[in-house]
Amino acid sequence: MTTTTTQTPVLEGRGLTKRFGNVTAIEDADFELLPGEILAVIGDNGAGKSSLIKCLCGAYAPDEGEILLDGEPVVFKSPLDARDRGIETVYQSLAVSPGLDIAQNMYLGRELRKPGILGSVFRLLDRSTMRAHARKQLSDLGLLTIQDIGQAVETLSGGQRQGVAVARSAAFATKVVIMDEPTAALGVKESRRVLDLIRDVRDRGLPIILISHNMPHVFEVADRIHIHRLGRRIAVVSPESHTMSDAVAIMTGAKEPPPEHAGAHAGG
Amino acid sequence: MQDRETEQGETSQSGDLLTAEGIAGAAGGEVAVFEQSQAVVKRLQRFLHSRPLASPSAVLLLAFIFFSIAGDRFLTATNVSTILAQVMIIGTLGIAQTLVILTAGIDLSVGAITLFSSVTMGKLAVTWGWNPWLGLLLGIALGLACGVFNGWLVTRLKLPPFIATLGTLSVFGALAQWFSDNATIRNSDVDAEAGNLLWFGNIWEPFSGFRITYGAFFMLVLYALFMYVLQRTAWGEHIYATGDEPESARLVGIRTDRVLLSVYAVAGLLCGIAGWLWIGRIGAISPIPIVNANLESITAVVIGGTSLFGGRGRVLGTLIGALIVGVFDSGLSQLGFEPLWRVFAVGVLVLVAVALDQWIRRVAA
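Everything numeric here is computed off the predicted structure, so don't read it as measured data. (Residues numbered from 1 in each chain as written. Chains lettered and ligands numbered in written order. Predicted model: local features only at pLDDT ≥ 70, side-chain atom pairs only at ≥ 80, totals over all residues. Heavy atoms only, no water.)

> Before we go on, may I ask you to explain the sheet that holds strand β4 (residues 64–69) of chain A in this structure?
In sheet architecture, strand pairing relies on hydrogen bonds along the backbone and comes in two forms, parallel and antiparallel. All names here are of chain A. Judged by pairing direction, the sheet is antiparallel, and its 4 strands sit side by side in the order β2-β1-β4-β5 without closing on themselves. The sheet is open, and its two edges are formed by β2 (23–33) and β5 (72–74), each paired on a single side. Averaged over all pairs of adjacent strands, the angle between their axes in this sheet comes to 30°, without regard to strand direction. Two strands pair when backbone bridges link them, and β4 and β5 are joined in this way by 3 bridges, in the antiparallel orientation. Paired with Ile67 across the two strands is Val74, which belongs to β5. Each of β1 (11–20), β2 and β4 is contacted by helix α1 (residues 49–56), which is oriented at about 60° to β2, the strand it contacts most. (Pairing = 2+ DSSP bridges. Helix = DSSP H or I, 4+ residues; strand = E, 2+ residues; numbered from the N terminus. Axes fitted to C-alpha atoms, helices over the stretch in contact; angles between N-to-C directions. Contact = heavy atoms within 4.5 Å.)

> Got a minute to help me understand the packing of aromatic side chains in this structure?
In this description, an aromatic ring pair is defined by two values, namely the gap between the centres and the angle between the planes. Residues and elements named next belong to chain A. This structure, assessed with the given rule, holds 20 aromatic pairs over all chains. Geometrically, the ring pair formed by Phe20 and Tyr60 is edge-to-face, given 5.3 Å between the ring centres and 70° between the ring planes. One end of the pair, Phe20, is in strand β1; the other, Tyr60, is in the loop between α1 and β4, with 40 residues separating them in the sequence. The partly exposed category is assigned to Phe20, whose relative accessible area is 37%. (Phe/Tyr/Trp six-rings, centres within 6.5 Å; stacked < 30°, edge-to-face > 60°. Buried < 20%, exposed > 50% of the residue type's maximum accessible area, 1.4 Å probe, protein only.)

> What am I meant to see in the environment of Gln177 of chain B here?
Residues and elements named next belong to chain B. Along the chain, Gln177 falls in helix α8 (residues 161–179). Considered as a pair, Gln177 and Gly313 are 136 residues apart in the sequence and their alpha carbons are 35 Å apart. The residues contacting Gln177, other than those within four sequence positions of it, are Leu115, Asn182, Pro287 and Pro289. Only 2.8 Å separates the side chain of Gln177 from the backbone oxygen of Pro287, close enough to count as a polar contact. (Polar contact = N/O pair within 3.5 Å; in protein donor to acceptor, adjacent residues only side chain to side chain.)

> What exactly am I supposed to notice about the interface of chain A and chain B here?
It is common to give the size of an interface as the accessible area lost on bringing the parts into contact. Taken together, the contact pairs 25 residues of chain A with 22 residues of chain B. For the pair chain A and chain B, the summed buried area comes to about 2,000 Å², and 55% of that belongs to carbon and sulfur atoms. When the area that chain A buries against chain B is broken down by residue, the three leading residues are Leu108, Glu154 and Thr155 of chain A, summing to 24%. There are 2 salt bridges connecting chain A and chain B. A salt bridge links Glu237 of chain B to Arg127 of chain A, with the nearest nitrogen and oxygen atoms 2.9 Å apart. Remark: the boundary between chain A and chain B carries 12 residue pairs in polar contact (both at pLDDT 80 or more). Here the residues of the side of chain A that touches chain B are counted per class, giving 12 nonpolar, 7 polar and 6 charged. (Buried area = accessible area lost by both parts, 1.4 Å probe. Salt bridge = Lys/Arg side-chain N within 4 Å of Asp/Glu carboxyl O. Nonpolar A, V, L, I, M, F, W, Y, C, P; charged D, E, K, R; others polar.)

> Is there a simple way to think about unusual backbone geometry in this case?
Both trends apply: most residues other than glycine have a negative phi, and most peptide bonds are in trans. Residues and elements named next belong to chain B. Positive phi is not limited to glycine here, since Ala104 has a value of about 70°. Among the secondary structure elements, Ala104 is positioned in the loop between α5 (77–102) and α6 (110–127). Within the chain, Asn182 stands out as a residue other than glycine whose phi angle is a positive 55°. Secondary-structure assignment places Asn182 in the loop between α8 and α9 (187–193).

> Looking at this structure, I do not really get the sheet that holds strand β7 (residues 176–180) of chain A. What am I missing?
Residue and element names in this part refer to chain A. Reading across the sheet, the 6 strands line up as β6-β7-β8-β3-β9-β10 and stay open at both edges, with mixed pairing between neighbours. At either margin of the open sheet sits one strand with a lone partner, and together these are β6 (87–90) and β10 (232–237). Direction aside, the axes of adjacent strands within the sheet are offset by 20° on average. Summarising the sheet, β6 and β7 pair through 4 bridges and their orientation is parallel. Bridge pairing in β7 places Thr89 opposite Ile178. The sheet contacts of helix α7 (residues 188–203) involve β3 (38–43), β7 and β8 (208–211), and relative to β8 the element is tilted by about 155°. Sitting on the sheet, helix α9 (residues 244–252) touches β3, β9 (224–229) and β10, and the angle it makes with β9 is about 25°.

> Any chance you could explain the pairing of β10 of chain A here in plain terms?
The side chains of a regular strand alternate, residue by residue, between the two faces of the sheet. Residues and elements named next belong to chain A. One ladder, built from 5 bridges, connects β9 with β10; its direction is antiparallel. Considered in β10, the bridge of His228 is made with Arg233. Hairpin connection of β9 to β10: 2 residues between the antiparallel strands, including Leu230 at a positive phi of 50°.

Treat this as a map of the structure, not an account of what it does.
Put into structure tokens, the structure is as follows:
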């Protein structure tokens, strides 16, 4: 087994700074996502974790610093740019269209057209292929309790909708899946299913950035935890070496963080 | 009284809701009854949710059957072809209106654009004696330009569609009056200079008594075209997504401003074509505003089951909605009712349709 020190991070941020007028959202922030891991990002409200994530997924352009994808410097002009490079985001709002069906939602914005003249001239959508792929993706992730791929998303439960959004990202991501508060709107049972789903996606080889306020969920699924405080990464800890109260104490400033990067290589 | 009976299709459905709740309330402790009747209501709600054309089709069918039984001259080929000819303008404008309403907008300028396009065709091709096909083409292109202008107001200046098109309703209407010199061009003059402008008024008689105008037939072709475009192409799907949740549509990479602009542009183009149809319909070119074109096109969309909140509905529903209005028009007048009762009946239908839509939209898992 290779140690983490020799692994090239899939996604890396170096010295990222983002200012809005006089307000500095993040300052000289570092970030590191290793292959095949679930990295949780936690931080108090206003710590700048959402600005950090927005820089990484292309929604914001950082004022300073650089972003590296597989060790190569990249510049994302928009979330679509990042998406084209294999970084998919599951937004807290889910970004689904409630009136459209499951298959339509999975392919929304990147629909497939029929081959040949039907597709090129008559712009005919290839519904059967899209439906077949969508069904396969959902069943691979164990989500086929959803009976009908042609069912409108608004007729699904919150957890099922989350499932559709996650399945969509997992289907198209080649590098990274970013999940923003995936369990925030869900009940206990549905949260459990979504956490299982997150592990499933990780086990299929996709590293995941998980933004969450829910400490039990973070400690349950995360391989490492990035703690953000006052606009920068203050520590990276492992759920094995630190307790939930340690993490919260570091996050709020009640406790000194461990020496630089102490937790970064834990479990390696 | 007759009008009330014909709306059975709609009212009985919402009636079920009322009785179900009534039973549940009266039964009190009887949980089983409550759950059972609730399940029925839920199933109905889901059925109507997944089949948006069901209720307008039922209303059209019931109205058709009712008037066929009540009036002996209703179910004749001549009468059916007359109804089709009467809905051809509203039906065509209804397609434009459906596109805009699916994006959660509204277009109050469809009638004004139609008028502006038709008087422009007349001015260029008849009064000025330009090549009649060039005049026709420029008139249609003017409709497209008006639509692009509406789209520009909505997407660039960020004006609410209601206000933007309320403004252009007056602007295009006034320009039409000015450009036409407020003069009517008689049928004989149009025929002599630019017979092509009257083409849609020609009649095709596939069998004795059933006379369909080219215009009405063309309207049906347009419906087939837009059913395909809305249900089978990415553009159609993006229209639904933009009207449904614009923010979600943007996040998945749909350029919603482009979708909106294209929708208003296509709506304008359809109005330009409707201007040509309008000349065929009245057999002359008149600067008199097309009475109620805006409101009736919106009425057809709403009765046809398309939601004013965007993202839900079918363009075929609009044709059904326009036909419902046509059937009421024709049926009630044959039964000797004054026109005011037809207005009354259509008003009731609009209210029922919107209330039903509100209820169906509350469907949730």
